[in-house]
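# Summary of structural features
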Amino acid sequence: METYDPHKNKTEVRQGSPRKMNMRVLVISLIGIIILFAIIYLVFTMSQPNPT
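Before going further, it helps to spend a moment on the overall build of the protein. Each helix and strand in the protein was counted, giving 2 helices and 0 strands. Scored against the burial criterion, the 52 residues of the protein give a buried share of 0%. Here the protein has roughly 5,400 Å² of accessible surface; of this, 66% comes from carbon and sulfur atoms.

This paragraph deals with a nonpolar patch on the surface. Side chains of Met23, Leu26, Val27, Ile31, Ile35, Ile39 and Val43 sit close together on the surface and give an oily, nonpolar patch of about 670 Å² of accessible area. Looking at the element boundaries, Met23 is found in helix 2 (residues 22-47). Under the relative-accessibility criterion, Met23 is labelled exposed at 57%.

The end-to-end C-alpha distance of helix 2 is 38 Å, a good match for the 38 Å that 26 residues give at a rise of 1.5 Å each. Burial analysis of helix 2 places just 0 of its 26 residues in the buried class, which makes it a mostly uncovered element.

The rules behind each value
Residues numbered from 1 in each chain as written. Predicted model: local features only at pLDDT ≥ 70, side-chain atom pairs only at ≥ 80, totals over all residues. Heavy atoms only, no water. Helix = DSSP H or I, 4+ residues; strand = E, 2+ residues; numbered from the N terminus. Buried < 20%, exposed > 50% of the residue type's maximum accessible area, 1.4 Å probe, protein only. Areas by Shrake-Rupley, 256 points an atom, 1.4 Å probe, with all protein chains shown as cover. Patch = residues over 30% accessible without salt bridge, like charges linked within 9 Å, V, L, I, M, F, W, Y side chains within 5 Å. Salt bridge = Lys/Arg side-chain N within 4 Å of Asp/Glu carboxyl O. Expected span 1.5 Å × (residues − 1).

Nothing here speaks to function; it is geometry throughout.
Rendered as structure tokens:
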């Protein structure tokens, strides 16, 4: 296996990114879900007739 870092062995090269992007994905997904539910809530709230 070709390595771009001469100090790493084959096992270290196969490992994932050391930056650990999991938290960023989780936070962005959570914000997206909250915004989606807010939009759905607003659409259903606006479509209800006013109580008289």
